[in-house]
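Coordinates in review
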Amino acid sequence: MIAWPTVEEEAALTSSVSLLRDPATWDDAEVGRAFGAGDEAALAEAFRRWSAFVHTLALRSLRDESDAQDVTQQVFVNAWRGRAGYDPARALPGWLTGIARNAITDVHNRRSRQRRDELAAVATVETTSEPVAAGLAERLTVADELSRLGEPQRTILTLAFYDDLTHDQISERLDLPLGTVKSHIRRSLVRLRDRLEVEDAAC
Amino acid sequence: MRHVDPETLALIALGEQIGDDDERTHLSRCPQCTADVAALAATVTVARSVTAADEPAPAPRQVWEGIRSELGLSADLEPDGRVTPARTTPPVVATRRRSAPWIAAAAAAGVVIGGVGGAWVTGNRTEPAATVVAEATLDPLPGWEATGGAVVEETEDGVRELVVSFEGGDDVGGYREVWLIDADVTRLVSLGVLVGSTGRFTLPPGVDLVEFPVVDISDEPFDGDPAHSGDSILRGLLDA
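Presented here is an overview of the structure given in this document. Predicted model, so just to flag it, every value in this text is computed and none were measured.

1. A closer look at the pairing of strand 3 (residues 146–155) of chain B
Residues and elements named next belong to chain B. Of all 10 residues in strand 3, 8 are buried, a share of seventy percent or more. In terms of strand pairing, strand 3 meets strand 4 (residues 160–168) through 9 bridges, oriented antiparallel. Following the sheet pairing, G149 is matched in strand 4 by S165. Counting the residues between successive antiparallel strands, the hairpin from strand 3 to strand 4 contains 4 residues, one of them, G158, with a positive phi of roughly 85 degrees.

Here it is, written out as structure tokens:
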């Protein structure tokens, strides 16, 4: 009996056949696999999903819109060109975050070199500021993932986080069964936790 | 001892005062439940520190345009979550330019006139004008170094032919066979044997290219088994 299709072939075909299904319907892992396989649709989809996060991270860290846009462009260009080094078993947003941190650090270094050149008389200019402030990437990650949650999950978590409502108060407020609220809370929290853990791993 | 219900642990991580005595006793002694609450509570802490300023600010459109232009990607490739068939076109053109100039010229014109400068043309007979109705880049499968392209031409009288180009893959063990495969990779139509770097295959009139969109070139051993060997060299998706 012939081996058909082999696992390898199926994997290779996934990226082609994925063209038949709108990238918007792919889960994050599928985007990662197709990205690694060199499917341009996956690059576009990765940009659609995570460019706001990368752009915001760069903007908040560099406080300059033009630099933030340059960094965002560089992150996706570098990621695409370096996709051979991407392990599809890892989450793509975490990998992109790592590339973004490097690109942001480069801009900070360039700036401090410029500053040093401008202050040529000063022997050393110590730069003690962190390229990406502690906690910033984590906060942006959660904000980004929250914005991605569907409804009613987003409203439920917003009420739990920021209005300090208990699950029975939320259930009453939204007129949803208790069990539904509890299960949405658990699943959405786990989703946020997973994305955060990925960010940690990327540091 | 039974673990605490995961949904209850999530609520505890949010700071809710719930759970009966048994559950609280278990939680105080169970490393697994404690670790779960701790990880979720850390997430809650980060989430509660989020301010309005942390809202994602979308990258302006010109950033995508910059990426597309720096990487030389098709202008049709849009981050809109949809499939745009046109985006398979540029790599096809690129492949053709490398491997088979005669197809590139044909595609540029949008039309292939049978008989225009190709070794694959038989005899001197005048063939009806053909239109390219689908095309595909053929990409190598793991372990193969080959490139190729495929176009489907349709003549005025409705006859469709698959024209494939093939470059590399010198270490073929047997012979090369050309197939159309359905999207689920469960059904195959054999089109014939490919000899040399180009080949032309008449499609059976009943074959629907939407149903069988995958072009596959396989390495077939001389084992007398007419089925696909499972060893594909190149594959691509027709954008019909």
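Alright, that's what it looks like, and here's the rest.
2. Quick word on the environment of D106(A)
All names here are of chain A. Residue placement: D106 occurs in helix 5 (residues 92–118). When its relative accessible area of 49% is taken as the criterion, D106 is described as partly exposed. Considering only alpha carbons, one finds D106 and V71, 35 residues apart in sequence, at a separation of 9.4 Å.

3. A short note on the packing of helix 6 (residues 136–148) of chain A against helix 3 (residues 31–49) of chain B
Where helix 6 of chain A contacts helix 3 of chain B, the axes come no closer than 9 Å and their chain directions differ by 90 degrees. Classified by the angle between their axes, helix 6 of chain A and helix 3 of chain B sit roughly perpendicular to one another. Counted together, E138(A), R139(A) and V142(A) of helix 6 of chain A and V46(B), A47(B) and S49(B) of helix 3 of chain B form the full contact between these two elements. Grouping the amino acids of the contact of helix 6 of chain A with helix 3 of chain B by side-chain chemistry returns 3 nonpolar, 1 polar and 2 charged.

4. Some details on the packing of aromatic side chains
Here the structure, examined in full by the defined rule, presents 8 aromatic pairs over all chains. When the centroid spacing of 5.1 Å and the interplanar angle of 45 degrees are considered together, the rings of F47(A) and W64(B) count as tilted. Of the two residues, F47(A) is situated in helix 3 (residues 40–62) and W64(B) in helix 4 (residues 61–71); the pairing between them involves two chains. In this structure F47(A) comes out as buried when scored by relative accessible area, which is 6%. Each ring, one from Y86(A) and one from W95(A), has its centre 5.0 Å from the other, and the planes form 45 degrees; the classification is tilted.

5. Overview of helix 4 of chain B
Three- or four-residue spacings in an α-helix give side chains the same orientation, since the helix completes a turn every 3.6 residues. Every buried residue of helix 4 of chain B is accounted for by V63(B), W64(B), G66(B), I67(B), R68(B) and L71(B). On its buried face, helix 4 of chain B is in contact with helix 3 and helix 4 (65–81) of chain A.

6. Observations concerning the nonpolar core
Within the largest apolar cluster, 43 residues are counted, with the highest numbers of intra-cluster contacts made by F35(A), L43(A), V75(A), F76(A), L92(A) and I67(B). Taken together, the elements giving at least two residues each to this core come down to helix 2 (28–36), helix 3, helix 4, helix 5 and helix 6 of chain A together with helix 4 of chain B. Among the elements that line this core, the one with the most residues is helix 3 of chain A, at 12 residues. L146(A), L157(A), A160(A) and F161(A) belong to the second largest nonpolar core, which has 33 residues in total.

Calculation criteria
- Residues numbered from 1 in each chain as written.
- Chains lettered and ligands numbered in written order.
- Predicted model: local features only at pLDDT ≥ 70, side-chain atom pairs only at ≥ 80, totals over all residues.
- Heavy atoms only, no water.
- Buried < 20%, exposed > 50% of the residue type's maximum accessible area, 1.4 Å probe, protein only.
- Helix = DSSP H or I, 4+ residues; strand = E, 2+ residues; numbered from the N terminus.
- Pairing = 2+ DSSP bridges.
- Axes fitted to C-alpha atoms, helices over the stretch in contact; angles between N-to-C directions.
- Parallel < 35°, antiparallel > 145°, perpendicular 65-115°, else oblique.
- Contact = heavy atoms within 4.5 Å.
- Nonpolar A, V, L, I, M, F, W, Y, C, P; charged D, E, K, R; others polar.
- Phe/Tyr/Trp six-rings, centres within 6.5 Å; stacked < 30°, edge-to-face > 60°.
- Core = buried A, V, L, I, M, F, W, Y, C linked by side-chain atoms within 4.5 Å.

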